Amino acid sequence: MNKLSEIKSGDRIAFTGRILSNPKKPLVSSRNAVRAVIGDSENLIQVIAFDKEGDKLNLKRGDLVKITNGIFSGFKSAKQPPTITLDSRTLMEKADINFPSAEECIKKKFIDEVNDNEYCAISGFPVVYRIFSYYCNRCKKFTDEMCDCGNFPEPIFRISGVFSDSTKTIWFSTSSEETAEDLSGIEKSNAVNTDIKSIMAKPQKFLGYLHEGNFYVEEVM
Ligand SMILES: [Zn+2]
């Protein structure tokens with residue numbers, strides 16, 4: 001499968017790939033969602049499942065899986081990264097064939113080469129500005145500590161700031177609380193004690209995608 005760009009949104013596809021990020025819950029989801037990044041040597045795609053179908057993503061980084069009858073979306077619409085959604089008709093099973101390693105599947109890029117809505121890995125130095133975000137469930141948007149509507153949303157552990165390599169500087173934010181835990185080495189219950197300086201003290205390698213100038217970090221590598 002290397003002609004994904006020719007596939008229409010809504011088509012059912014088969015894809016064999018390696019799980020490149022541990023399955024995680026998105027920061028904000030109206031339904032109970034789990035997602036992971038999967039790839040072969042040509043394409044990196046997010047796999048997402050909702051509610052009880054999430055059990056199908058009970059896998060670990062490095063596992064090789066074969067998906068049959070997944071629902072494809074992305075590329076043409078270009079408002080999201082390429083995506084395979086699992087539903088009740090989708091079969092996802094472990095595969096046991098010769099296949100490129102996780103390292104070989106991950107596309108490394110300089111920041112100025114990264115296309116919008118494309119998964120890739122970037123290396124560089126983060127400058128952390130914030131470790132909490134606030135999402136108002138009433139207004140369905142990220143807000144300040146107090147939303148315009150008067151609501152005080154629960155803080156979400158989300159590390160954000162800017163990220164630079166030798167080519168460019170962009171915004172970044174972690175895309176799940178588990179990713180923030182991985183980056184900080186701190187559990188979300190203890191997030192207030194995050195040592196921002198230690199995150200910024202060494203180069204970081206992020207797997208994620210760029211969307212409207214912000215790099216959403218799916219996995220800290
Ligand atoms: Zn609100």
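The structure we're discussing is the one just above.
A short note on the coordination of the zinc ion
Around the zinc ion, the protein contributes the donor atoms C136 (SG), C139 (SG), C147 (SG) and C149 (SG), at 2.3 Å from the metal centre. Relative to the metal, the 4 donor atoms surrounding the zinc ion lie at angles of 105 to 113°, and the coordination shape comes out tetrahedral.

Quick word on the pairing of strand 7 (residues 119-136)
The pairing of strand 7 with strand 11 (residues 204-211) spans 6 bridges and is antiparallel. Counterpart to C120 in the pairing with strand 11 is G208. Here strand 7 runs beside strand 9 (residues 155-164); their pairing, made up of 8 bridges, is antiparallel. Across the sheet, residue F132 finds its bridge partner in strand 9, namely F157. The pairing of strand 7 with strand 8 (residues 141-143) spans 3 bridges and is classified as antiparallel. What sits directly across from Y135, in strand 8, is F142. Between strand 7 and the antiparallel strand that follows it, strand 8, lie 4 residues; K140 among them carries a positive phi value of about 55°.

Digging into the pattern of salt bridges
Evaluation of the coordinates by the stated rule reveals 13 salt bridges. Measuring nitrogen to oxygen at the nearest pair gives 3.4 Å for the salt bridge that ties D51 to R31. Linking D51 in the loop between strand 3 (44-50) and strand 4 (64-73) with R31 in the loop between strand 1 (12-19) and strand 2 (33-39), this pair joins segments that are 20 residues apart in sequence. E103 serves as the salt-bridge partner of K205, at 3.3 Å between the closest nitrogen and oxygen. Note that K205 is positioned in strand 11 and E103 in helix 1 (residues 102-105), a separation of 102 residues in sequence.

Quick look at the packing of aromatic side chains
Inspection of the entire model under this criterion finds 8 aromatic pairs. Ring geometry for Y119 against Y209: centres 5.2 Å apart, planes inclined by 65°, an arrangement best described as edge-to-face. Placement of Y119 in strand 7 and of Y209 in strand 11 is noted, with a sequence separation of 90 residues between them. The residues Y119 and Y209 share a single accessibility class, namely buried. A ring pair is formed by Y129 and W171, whose centres lie 6.0 Å apart and whose planes are at 75°; its orientation type is edge-to-face. Of this pair, Y129 sits in strand 7 while W171 is found in strand 10 (residues 169-174), placing the two residues 42 residues apart along the sequence. For W171, a relative accessible area of 48% puts it in the partly exposed group. Connected via pairs of aromatic rings, a cluster forms that spans Y119, Y209 and Y216.

Describing the environment of E103
The class of E103 is partly exposed, set by a relative accessible area of 44%. If near-sequence neighbours (up to four positions away) are discounted, E103 is found in contact with K108 and K205. Of note is the side chain of E103, whose polar atom sits 3.3 Å from the side chain of K205.

Description of the side chain of E118
Along the chain, E118 turns up in the loop between helix 1 and strand 7. Separated by 3.2 Å, the side chains of E118 and K109 make a polar contact. There is a polar contact of 3.1 Å between the side chain of E118 and the backbone nitrogen of N115. In this structure E118 touches K107, K109, E113, G208, Y209 and L210, once residues within four positions along its chain are discounted.

Calculation rules
- Residues numbered from 1 in each chain as written.
- Predicted model: local features only at pLDDT ≥ 70, side-chain atom pairs only at ≥ 80, totals over all residues.
- Heavy atoms only, no water.
- Donors = N, O, S within 2.8 Å, 3.2 Å for Na, K, Ca; no water.
- Tetrahedral: all angles 85-135°; square planar, octahedral: opposite > 155°, others 65-115°.
- Pairing = 2+ DSSP bridges.
- Helix = DSSP H or I, 4+ residues; strand = E, 2+ residues; numbered from the N terminus.
- Salt bridge = Lys/Arg side-chain N within 4 Å of Asp/Glu carboxyl O.
- Phe/Tyr/Trp six-rings, centres within 6.5 Å; stacked < 30°, edge-to-face > 60°.
- Buried < 20%, exposed > 50% of the residue type's maximum accessible area, 1.4 Å probe, protein only.
- Contact = heavy atoms within 4.5 Å.
- Polar contact = N/O pair within 3.5 Å; in protein donor to acceptor, adjacent residues only side chain to side chain.

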